[in-house]
Each structure stands twice: as C-alpha cells, then as structure tokens.
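# Understanding the architecture of this molecule
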Amino acid sequence: MIVEYVWLVPLIPILCFVLVGFFGNHMHQGGGYLSIAGAAASFIISIAVSVEFWTSAAYTDPGYVTNSITWFSLGGHDVNLGYYVDSLACLVMLFASFISMLIFIYSLGYMGDQGGRKRRYFAEVSLFLTGMLGLAASSNMIEMFVFWELMGLCSYLLIGFWSFNHPEGDAKAINAASAAKKAFLVTRAGDVCLMGGMFVLFQAMGSLDYTVIFNTANLNAANPDTLFLASLLIFGGAIGKSAQFPLMDWLPDAMAGPTTVSALIHAATMVKAGVYLVARCFPLFVMNIDVMLFVGVIGGVTAFFAATMAMNNMNIKKVLAYSTLSQLGYMFLSLGAGGYLMALGMQSGDTALMAAGALGYTAGILHMANHAFFKGLLFLCSGSVIHSCGTEDMRLMGGLGKKMKITSITMLIGSLSIAGFPFFAGFWSKDLVLETALDAAGNGACGWIFLLLWFLGVVTAFMTAFYMFRLWYMTFAGEPRENAQKSHGESPHSMTIPLCVLSCFAFAFGFVLLFGFDGLFTIGLNADGLWQVGGVAGAGAVHYFLELFTNPYTYLTIILVLGAIFLAYLMYCKKTVDPGKFNKHGQAWLYKACASRWWLPEIYNQVSWKLGYGVAKCVDFFDRQVIDGTVNGLSNAVIGGGELARKAQDGNAHTYAGVVIGGAVALFAVALILFVVYGGI
Amino acid sequence: MDASIVTGIFGAYTPIAPMIIMIIGALIMPALYFGFKKKAPVTAVQMIIILISLALNMILLGTGYEATYANLFTYDAFSGLLILLFQIVVGIVAFVSYSSIETTTLHFGAYSSLLLIAAAGMMFVGAADDLISIFVGVETVSISSYALVAMKRNDPRAAEAAVKYVIIGGLSTALTIYGISMLYGVTGTVELSELGVALAASGYSWAFIIALITMMAGYGFKVAMVPFHMWAPDVYEGASTPVSIMLATGSKKMGLAVFFKIFLVMLVTANVVGGLGIVEVQYLFAIVAALSMTIGNVVAISQTNIKRMLAYSSIAQAGYILIAMAVMSQYALSAGLFHMFTHVFMKGGAFLVVGALICAGLGEKITDYNGLAKRAPLVAFAMLLFLFSLAGVPPLAGFTSKFFLFSSAIYSEDGVMTQWIWLAFVAILNSAISLYYYVRIIKAMYIEKPAAGADSKLKIPKTFAIAIAVCVVFVIVLGLYPGIIMDYCAQGAAALFGLI
C-alpha cells in the first residue's frame, strides 16, 4: 500500500528545506535543483497515492484511508499525528505539488540573477510547499493547524523576501517589509478565530480527529449552538487565509514579494488553504443553514468588490491579485450556495436539493483546481513580462506580443480561461457556480439573498473578462511604450516551458467534468449515512452539456463575456472608445473608489490607529509603570538576594557542616509546627 | 524475546544481573590498565561491559520481568527504570572520560573501576528492598565518588573539593544511620514494604519526626536539596567534568530514588491502609522543594563560573523533582521520573559541552564563552538547546517534563485541583528566573564578541562530540515524543504504587 506512505509527501519538501537551508550555498543554483527534485518526488508520490486510493475499495467505502499515532496526551485526550487521505486531500496534494514543481523550475530563470539569496528562496518555498501538502494530508485539526501556521510563517518570509537589499532600492524594501508584516498580522486575525473555533469544536465533540468530528452521528449529538459558533470561528480562519472580505487587504500588498512567490501563494498554496478548510469542514458547516448563507454572502460580496478594484488598476500584478480575490469569492459563493441547498435538502429530506448542493461543492472544488492552473499560469506570464521589461506598470508596456510570442499566447489562454470563454477550463466551473447560486435563489426563506449574489456573480463575470483583456491588450497589443521598447525579448526556456505546460491545463482541465471525473470530488451522504467526498460515478458529458447548454443563463454569461472582451478590444486595442469618457478622466467618484480599494485601507488605518493606538497607549502605560515597575523591583530583589546568598557560601567546610546541622534543626522546627498544626501529634 | 535468555544464565541472580556485570567489569579494569597502559582499550572494555549490562536490563525491562533476590533486591518496572537511568549516566561518563584532559591518567584503571562500582551501587539502591541494602548501596556510591572527585589532573581545587565532600558526606552518613535506627525503633522493621503498615499502626511520634528529619538531611545531601546543598557547587567545580556529570545526573537521582522508595511508599501506604494524615509531611517536602528551586535559581544568577552556575541550576532542578514528593500521586511520581530522565540529557549535555570546551582549551568563566557561536557553531547550538531545555522552552524535553511535573501539582488524576497549586506557581516563577541566567550564557555565545586574540576555531574531542549529539537527539525527541520514556515512567510509578 503506497497510501500508507503518504506522509512522505509533506516530508520530502521539508527535508529539502533543511538540506537547502544548511547547504544550499554549496549546491548548484542555491539548491534550486534539489527543491525541484523534492517537489517532483512529492508529486510522483501524490500520483501513486491518489491512483492507488482511487482504485482501491476504500474509495467507495468508507471514502477515506486514515491512520494515526498518539502524538501526546492532554488530560485524558489524545492528540494524534496521522494522515487522512480522501479525494479532496488527493486533489489538493496533486495540484499543489505539480504547480509548485513548475513554479520552482520557472524560478531557476526568474530568480537566476539573485546570487546567494537563492538559497534562502529555495529553502523557504520548499517549506511553504510542505505547509500546503501537510495541510492536505493531516488527520486532525491540530495537525492541520500546525501546517496552516507554517504557511503563515513562510508567506511572511517570502513576501518580505526583499525587505532588505531590494534590487530597486530602499523604498521598495520598506514596502516589502510592511507588506509582509501586514500579511502576517491580518491572516493572524483569522488564525486566532480558527484557533478559537478549534477550541469550541473540541469542547463540543471531545476530539479534533476528522473521523470523529465529521461523523454524522457525532454531529447530530452535539449542541447545535456550539457547532454554530465553532463553524463561524473556523470560517473566520478561512476568511483571513483566503483574503475574503473584510480581511482582504493583505493580498494586493503581498505583491511586494517576487512574482514566483505570488504565483505560489495564489495558485498552489496559502489562499487555497482557506477554500480547502471550508470544503473539509463542509459536513460541519452544513449543520447550520445560516453558516452556509454567511459563507455565500462573504464569497459573493468579495467576488464583486475585488473585481471592481481590478477594473482600473495599472499594475499588472495587482490586477491579477484582485482577480484572485474575486475568484476565491466565487469558490466560497459556490460552497456556500451548495451548502445552503444541502442543508435545506437535509432538513426536508429532499434528495434533489441535496444533489443540487453537491453540485455546488463540485463546482467550488473544480474552480479551486482550475484557478490553481490558470492563476499560476497568469502570474508566471506576468513574471515573464516583468522579467523582460523591468516594470510592473502596464502603461509602460504594450506591443510585447511580437517580442514575446510564447508568453503572449499562453497568457491569452490563461485570460480566456479565467474570463470563462466557452470550453476553456474556467468556463465549466464558473457557470456551475453561477447555476448553483441561481438554484439556491429559488429555495428557502433566504433565497432572495442568493438571487442578489447571483446577480453580483454575473456582473463579476463581465468585469473579469473586461479587466483580463484590458490587461492583455495593454501589455501585448498596440504600440510598444517606454519600457516595452527596451524589453529584451522572450524569457529563457526554464520559464517558458512551465508556461506551456500550465496553459495546456488551463485550457483542458475543465474537461474532467465531461470524462466523468467529477464523481471524485463531489460530496454526499453514503449508504451508512456518513459524509463522503467522492466515491460515486461521475454524471458524464451528456449531463453537463444538457445542464449548461439548456440553461438560458449560460448564454447570458457567454454573451456578457464576449461583450466584455469586445469592449476591452475597442478601448485598449483599437482605441475607438476612449475609457476617459466613462471615468471623466479619472475624476468620477466610482473610479476613485475602485482605485483606492473602496477606501478599505483607510478604514483599516483609521480604526486601528484610533482604536488600536489608544488601547496600546493605555496598555503601554500599565506595562511600563505597573508591570515593569514590579518586575524591576522583583529582579533587583532577586539579584540582590543572590549576591547575599553567594557571600554566605564562603568555602569553609565547617560553615557547610554548620549549615547542614542548622538546616536539619530548622527543618525539625518546621516539621514540629506542621505536625502540631495538622494534629499529627 | 522473553526473559528466559537472561534467567537461563543468571538463574536466581537474575534480579541483580545488571549489577553483577558491572562489578565484574570493575574488578577487571585495574588489571586491564596495568596491562595496556593506555586509556583506549580500558574504555573500550568498559563500554562493552556497560552495554552488556544495559542490554540485560533492556531485555528484563522490555519483557516486564519481576523477581526478588534473597529478600534484599527486587527487580520490577520501577527498579528497572532506575537501573536504566544509572546505566545511561555511567555510559555517558565512561565514554567521555577517555578523551577528557581532566581525568587522571596515572590512576585511570582505578578511576574506571570506581566508576563502575559507583554505578553498581546506584543500581543496587534502585532495586533495594530494605533500609539496610539502601544504606549500603548509597555508601558504595559515596565512598567511590569521594575518590573519583579527588582523581583530577593538575588541579588543587579537586583535593579541596574532595575533602569537603568527605567531611559533609561523613556527617550526612552519620545522620542517615541515626535516622534509620530511629525509624527501626518506631516501626520495628527495615522492610520497605512493611514500614507503612507499621507506621499506620503506631501513628506519629517524636522519634518518627527525628527519624524523618535526619534521614531527609542525610539523603538530602545526595540530592543536594536546600539546606543540604552547600557542598555541591564546590564539588562540581572542583571535580573533573565527567565526575561532575556523574554527581549531578547520577548520584542526585539516587537520592531522589531513595526518597521515593522510603518515604513516598511508607507515607502513602500509611495513608491508604491506616488512614494516617500525611499532609504535614507533604508540606515539609513542598517547603524544601520550593526552597531548593528558589535558592538554586537565585544564587545561580550571580555566578561567574559556568560549572558553579550549572551546579546551582541542578539544585533548582532537584527542587522541581521534589514536587513529586509533595504531591505524592502516581502521576506526579511518573512525571518526576520522567524529569529525572530528561535532566540526564539536558544537564548532562550542558556539562558535556563545558567539559568538551575545557578539553579544547577554553576556561570555565562565562566570559570565556563570548563569541562561541563563531568559534564552535555546532557546540554553541547544542548548548543553546540544552539551556533552553533546562529553562523549559518548548518543544524541548525540559518543557515536556516540566509540563507533566507542574501539571501534576495543579490537577490530580481525577481532574480535581490539588492544594499544591501554589507550588506549581512557585515552580513556574522559578522557571522564569532561571531563563535569566541561561539566556546570559546564550547571549555571551551568540552576541558578545570573542576576546581579542581568542577567535580561532575550537576543536573538541570526538567522544564528546558523539555524546553531545546523543544528548541533543534525546533532548529533541523526548520533547516531541515523550511517550518513549514516559510510558516506562508510568509503568515504574505504577509498580511502586503497586506495593501499596
């Protein structure tokens, strides 16, 4: 059984981290080859594990393979260390290791001129990969949380990779340092929620093992209010990690790191952890319909607002960052709407509703995988462009299509995919997401909220297509502007080959639906009434064709997408429509709102400044005067006492003998008092 | 594997088989050194002897062997665990004695022999069944360690330390034997298992209190608990570092084992069988524990010699383990036993680093450690781990064992808060104080610049490097996965409580 060796998957990258971290300077490319080999080994083992799991009997019943050993015991409760392999874990391990491997290969070229810093880079990205793979393979929440925090640490280190000695000067270095701090602190707010959620869940269930906490009988037996609180707090963790509203502000700033790190954070690791957490905790969240509604609302709102922010940004990486937020919003919308339908179906016993809910889950997971491919591709393409012209400002690019053929074509594929152009990967999952939202709109008391969210989703689809093609046209079409003229052409093979591989997946990964692989990542109650991811046959090509192409709303989104692409063409390629007319040359209220991220950073700053600084000053006063005063007084007393006692130790044997006898007599006196007090004598 | 492999050879002597091997080794050591005139072969044979003894013990411990020899010595999970502890200590000490420049060359045969005799004495105490065999075992260790302390090359401090050690040791022995005779007078028995029942029958008396205090004083000398600790810093400083390790990690644990075997069993039995209130004795031990940790830690702050600092820190660590004597529960005992094990690796490891650096030509002053991270990065890192572990920084072994120990003082097994929570509080405060002087060394190693002209790389002997590496591994592994030893400690504690 190879499945039993799944712990090797996270272990190999962490070994690479240790080896590269200590000996990277003595290796080729600062240990880059070793990191790539490690990611490749993890990928190969992931394939072996997944294939064996999916063909084994355990796949259909009970739907997972798990094993664990006791890590330590706390007051009669065992905390375990183990693995839990199911379809979801397999999928995450597969795409995380595969895309990371490609990003590492790409890094050989992109970070090629970084000299001695490559050791640090390759060590840290390997550790980052460990975080994601370990998260996927963990068998309980505490173990998962360890890896979750490991990713938080790595994101801090990597976003701040250039926080000293930035190639472009000190201002950028300070920017990188503050972006890293922001990412760490904002996600930490979510992490605290998640930790609280784990405690509450532990209180409710008495364990944090997946097999226990996601067991239907245990869930039904637990106090629903406690579960509600636990679900909300755990989702708070996902909001932080996946940068959803209102903790979304760190992700655009995180662009201060190297572009490859952005690709890693956005495609393979970090932000996907939040989606994974919600998908993993789906059986828990579905216990309460309001939780799922909340998930959906957060997702839909984030999808819409993040898309508006991308509309007028001039920084190629920031546009992609906003689009990640927006796409993650889609995933949460899908999981929320699916969960809402599932919860309704469970209450009324309606299997059709439950099937519709399962479709939402499938769509969310598929969108996560699709997004991993096309967003990884888009970031790497943007990295290739930045590498070539040395700027991130799209106003200084243009006309690069001729100089960088491979990059422009692969980026086009990525853009079509994320825009949801028919038959590209993004099309399938995005339309299923919208369909689920619309489905949810027709059911239950809160259906009208989902109608609103569906509407936001459709508008987001339009905006996505628009800003992606705005980006593509501004970068690759038209006349070469300043930096584009100085560009030194296509990037090296180590960078273009990963682009080609990723573009194949960005185009074709959606077809897994048509070949019936969707059965692998749907969720449902199995014959024993237990939750199970996968384990059923796929619905097949005919089903999905009928599902999508008999639905008039599918055509609506297709028309919107085509319209948006055409509009972007007119504005930024043919220039027959002047964007200035719409935004009053940058003076329109809406334009300013989008450009300044709907003033979210200002709101944060105001709140944290006024509230945080006030509290901090009070605490500071208390700390300096009361605590420090006490501590200093105590420590002076302790050190003084130590000096005194040291002097008593004069080195004379007769003093020592005296102390022994004196001590015995004193002890005798104490004993006497004690015996008298307690009535022993 | 079952115990028949051992019982087949040793027959009725099986319970003392590991000690027999040690004694045989002790007898051939001087002859070997006389023949070879070199340290290496003697140490090689010595290590083989220790490994055979260790292997025998592991077989017996692993198979859950239990038997009694001549109503004097019993082998069970508890004594097996203590024997294992002493074997580990003597293994480390013997291994590094070979290459330490501090150990005697002239008398190396006698030195090796005494080391094994001391080990056998400690192991006999671990298995002892009555007061007399405990007394004899302790004296075996005392007398051989007096000589071991004196056996140091070219250092007058050693002779002074040995004299002090003999004088205070003799006084303590006198107190002990007086206490034993009083206890015999009160209870009419020397059998450990019968003391409790007899005490329950007779109740407390003046004579018992005198016996209790004098025996606490006598064995407290071995433990180096306050106020019977004064000798420890002088002796640890004066003795060669391997012998300091033996005293700090071996003979100290023997004293604690004696406390467990005599007082813990006696009082808990009296409490369970005769309903005798034992809270007054518990308080007595709690006060001694609190005093030991506080005085040990506070005085350690103002030390400038690293061996003296570690000696005071050992006094404090003994105070932590004495929590088990105050709480007197099975869980506290297993936590205390576990801390005895982790202490071997972290305190032993710290002393090993000191010894290794003495061999590399570095002094014992804390200022000599300035800039060590540049001169010997791996050793400095190991020292950092040991010191952090001693201070109780997670995820190292010292954290885990302190966690078990302190939590045993807070909650009893059935989840009720105990009255010893103040003791846990004192212990935690003390851990914070101890961090101060541990971090001072780390600061010296990592932040201070080396003194002018002393910035060359340091080369330490191989045996020290290996022993330090072993300690590092255990300090990390026992922190992350305490189960490998803690399970045995729980069994040992259960075995001791099984007597009740």
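Residues numbered from 1 in each chain as written. Chains lettered and ligands numbered in written order. Predicted model: local features only at pLDDT ≥ 70, side-chain atom pairs only at ≥ 80, totals over all residues. Heavy atoms only, no water.

### As for the overall build of chain B
Selection rule: The secondary structure listing takes helices from DSSP runs of H or I that are at least 4 residues long and strands from runs of E that are at least 2 residues long, numbered from the N terminus. The buried label applies to any residue whose accessible area, calculated with a 1.4 Å probe on protein chains only, is under 20% of its type's maximum; exposed applies above 50%, and partly exposed to all values in between. Whether two residues are in contact is decided by their heavy atoms, any of which lying within 4.5 Å being enough.
Counting secondary structure elements, chain B contains 21 helices and two strands. Counting over 500 residues, chain B shows a buried share of 66%. The contacts in chain B between residues at least 6 apart in sequence include a share of 81% that link residues at least 24 apart.

### Some thoughts on the overall build of chain A
So the rule is basically this: What sets the accessible areas is the Shrake-Rupley method with a 1.4 Å probe; for residues, cover comes only from the shown protein chains.
What chain A contains, in helices and strands, is 29 helices and four strands. A buried classification covers 58% of the 681 residues belonging to chain A. Of the contacts made within chain A by residues no fewer than 6 positions apart, 79% connect residues no fewer than 24 positions apart. Carbon together with sulfur atoms contributes 69% to the accessible area of chain A, which is approximately 25800 Å² in total.

### A closer look at the packing of aromatic side chains
Between two aromatic rings, the relevant description is the distance of the centres plus the angle of the planes. All names here are of chain A. Here is the rule: Between 30 and 60 degrees the pair is tilted, below 30 it is stacked and above 60 it is edge-to-face, where a pair is any two Phe, Tyr or Trp rings, Trp via its six-membered ring, whose centres lie within 6.5 Å.
In the structure shown here, the tally under the stated rule is 66 aromatic pairs over all chains. When the ring of phenylalanine 235 is compared with that of phenylalanine 332, the centres are 5.7 Å apart and the planes differ by 75°; the resulting orientation is edge-to-face. Of the two residues, phenylalanine 235 is situated in helix 10 (residues 224–241) and phenylalanine 332 in helix 16 (residues 316–348); the sequence distance between them amounts to 97 residues. When its relative accessible area of 0% is taken as the criterion, phenylalanine 235 is described as buried. Considering the side-chain rings of tyrosine 340 and phenylalanine 450, the 4.7 Å spacing of their centres and the 45° angle between planes classify their relative orientation as tilted. Of this pair, tyrosine 340 sits in helix 16 while phenylalanine 450 is found in helix 21 (residues 447–476), placing the two residues 110 residues apart along the sequence.

### Here we look at the nonpolar core
The condition is simple: In these notes, a set of buried Ala, Val, Leu, Ile, Met, Phe, Trp, Tyr and Cys residues joined through side-chain atoms within 4.5 Å is what counts as a nonpolar core.
Within the largest apolar cluster, 223 residues are counted, with the highest numbers of intra-cluster contacts made by Ile99(A), Leu201(A), Trp250(A) and Phe285(A). The leading source of residues in this core is helix 17 (residues 351–389) of chain A, at 22 residues. Residues contacting Ile99(A), with those up to four places away along its chain left out, are Ala267(A), Ala268(A), Ala372(A), Phe373(A) and Leu502(A). Ranked by size, the runner-up nonpolar core spans 222 residues in total, among them Val89(B), Val243(B), Ala257(B) and Met293(B).

### Some details on the pattern of salt bridges
The test is simple: Here, a salt bridge means any side-chain nitrogen of Lys or Arg that lies within 4 Å of a carboxyl oxygen of Asp or Glu.
Counted according to the given criterion, the structure contains 20 salt bridges over all chains. Residue Asp249(A) is joined to Lys182(A) by a salt bridge in which the shortest nitrogen-to-oxygen separation is 2.6 Å. Within this pair, whereas Asp249(A) is found in the loop between helix 10 and helix 11 (250–253), its partner Lys182(A) is found in helix 7 (residues 170–205), the two being separated by 67 residues in sequence. Taking the shortest distance from any N to any O, the salt bridge between Glu237(B) and Arg157(B) comes out at 3.1 Å. Of this pair, Glu237(B) sits in helix 10 (residues 231–238) while Arg157(B) sits in helix 7 (residues 156–187), placing them 80 residues apart in sequence.

### Let's talk about the side chain of Lys253(B)
Residue and element names in this part refer to chain B. Note the cut-off: The positive count covers Lys and Arg only, the negative count covers Asp and Glu only, and His and the chain ends enter neither.
In this structure, lysine 253 sits in helix 11 (residues 241–274). It turns out lysine 253 is buried and unbridged, and the closest side chain with the opposite charge, aspartate 76, is 18 Å from it. With residues up to four places along the chain from it excluded, the contact list for lysine 253 reads Leu85, Phe86, Ala248, Ile321, Met340, His343 and Val344.

### Considerations on unusual backbone geometry
Residue and element names in this part refer to chain B. Of note, the amide linkage connecting valine 226 to proline 227 takes the cis form, showing an omega dihedral of 5°. The amide bond that connects proline 394 to the next residue, proline 395, takes the cis arrangement and shows omega of 5°. Looking at where proline 395 falls in the secondary structure, it is placed in the loop between helix 17 (377–391) and helix 18 (397–410). Despite not being glycine, alanine 70 has its phi angle at roughly 50°, a positive value. Counting through the fold element by element, alanine 70 comes out in the loop between strand 1 (67–69) and strand 2 (73–75). We note that asparagine 71 has phi near 55°; this positive angle belongs to a residue other than glycine. In this fold, asparagine 71 is placed in the loop between strand 1 and strand 2.

### Things to note about the interface of chain A and chain B
Selection rule: Summed over both partners, buried area is the accessible surface (1.4 Å probe) that two parts give up on being assembled. N or O atoms within 3.5 Å of each other form a polar contact, as long as, within protein, one can give a hydrogen and the other can take it, and as long as residues adjacent in sequence are counted only when both atoms are side-chain atoms.
The partner chain B presents 40 residues to the 32 residues of chain A that form the contact. For the pairing of chain A and chain B, the buried interface totals around 3300 Å² over both sides, and the portion due to carbon and sulfur atoms is 80%. For the pair chain A and chain B, the interface holds two residue pairs in polar contact (both at pLDDT 80 or more). Looking at the side of chain A that touches chain B, the elements with two or more residues in it are strand 1 (65–74), helix 28 (600–648) and helix 29 (653–677) of chain A. In terms of residue count, the dominant contributor to the side of chain A that touches chain B is helix 29 of chain A (15 residues).

### Notes on a nonpolar patch on the surface
Stated formally: Any residue with relative accessible area above 30% and no salt bridge may belong to a patch, with like charges joined within 9 Å and the nonpolar Val, Leu, Ile, Met, Phe, Trp and Tyr side chains within 5 Å.
A cluster of nonpolar side chains, Ile69(A), Leu81(A), Val473(B), Ile476(B), Val477(B), Leu480(B), Tyr481(B) and Ile484(B), forms an exposed patch at the surface whose accessible area comes to about 610 Å². Considering the arrangement of structural elements, one finds Val477(B) in helix 20 (residues 462–480). Residue class for Val477(B) comes out partly exposed when judged on its relative accessible area of 34%.

### Observations regarding the packing of helix 19 (residues 405–419) of chain A against helix 20 (residues 425–441) of chain A
Residues and elements named next belong to chain A. As a reminder of what qualifies: Lines fitted to the C-alpha atoms define the axes, with helices restricted to the stretch that makes contact. Angles between their N-to-C directions range from 0 to 180 degrees. The cut-offs work like this: below 35 degrees is roughly parallel, past 145 is roughly antiparallel, 65 to 115 is roughly perpendicular, and the gaps in between are oblique. Each crossing gets its hand from how the near helix is turned against the far one by less than a right angle, where anticlockwise is left-handed and clockwise is right-handed. As a working rule, the residues Ala, Val, Leu, Ile, Met, Phe, Trp, Tyr, Cys and Pro are called nonpolar, Asp, Glu, Lys and Arg charged, and the rest polar, with Gly in that last group.
Where helix 19 contacts helix 20, the two axes come as close as 6 Å, and the packing angle between them is 15°. Judged by the inter-axis angle, helix 19 sits roughly parallel to helix 20. Where helix 19 crosses over helix 20, the two elements pack in a sense that is right-handed. Between helix 19 and helix 20, the contacting residues are Ser417, Ile418 and Ala419 on the first element and Ala425, Gly426, Phe427 and Lys430 on the second. Residues belonging to the contact of helix 19 with helix 20 are distributed by class as follows: four nonpolar, two polar and one charged.

### Some words on the state of the cysteines
We count it as follows: In what follows, a disulfide is any cysteine sulfur pair within 2.5 Å.
Using the criterion set out here, one finds zero disulfides over all chains in the structure. The structure places no disulfide on Cys381(A), whose sulfur is separated from the nearest cysteine sulfur, that of Cys500(A), by 9.1 Å.

### Overview of helix 15 (residues 289–311) of chain A
Residue and element names in this part refer to chain A. Put simply, the rule reads: Helix span is expected to be 1.5 Å times the residue number reduced by one.
For helix 15, built from 23 residues, the straight-helix expectation of 33 Å at 1.5 Å per residue is met to within 8% by its first-to-last C-alpha distance of 34 Å. Taking burial as the measure, the 23 residues of helix 15 include 18 buried ones, the bulk of the element. Structurally, the start of helix 15 carries an N-cap: the backbone nitrogen of aspartate 290 is 3.1 Å from a side-chain oxygen of asparagine 288.

### Topic: the environment of Phe511(A)
Residues and elements named next belong to chain A. Mapped onto the elements, phenylalanine 511 comes out in the loop between helix 23 (493–508) and strand 3 (523–525). Judged by its relative accessible area of 22%, phenylalanine 511 falls in the partly exposed class. If we skip the residues at most four places from it in the chain, phenylalanine 511 touches Phe423 and Trp428.

### Section: the side chain of Ser251(B)
Assignment of secondary structure puts Ser251(B) in helix 11. Setting aside its immediate chain neighbours within four residues, Ser251(B) contacts Met122(B), Val141(B), Lys222(B) and Met246(B).

### Some thoughts on the environment of Ala150(B)
Turning to its location among the elements, Ala150(B) is positioned in helix 6 (residues 131–150). Measuring from C-alpha to C-alpha, the distance between Ala150(B) and Val235(B) comes to 9.6 Å, with 85 residues separating the pair along the chain.

### Here we look at the confidence of the model for chain B
Note the threshold: As a per-residue quantity, pLDDT reports the predictor's confidence and falls between 0 and 100.
Here chain B shows a mean pLDDT of 91. Residues at 70 or above account for 100%. The ipTM value of the predicted complex is 0.89, and its pTM value is 0.68.

### Focus on helix 19 (residues 421–446) of chain B
All names here are of chain B. Taking 1.5 Å as the rise per residue, helix 19 with 26 residues should run 38 Å; its terminal C-alpha atoms sit 37 Å apart, in good agreement. The set of residues buried in helix 19 consists of Leu423, Ala424, Ala427, Asn430, Ser431, Ser434, Tyr437, Tyr438, Ile441, Ile442, Ala444 and Met445. Those residues of helix 19 that are buried are in contact with helix 12 (279–301), helix 13 (306–321), helix 14 (323–327), helix 16 (372–375), helix 17 and helix 18.

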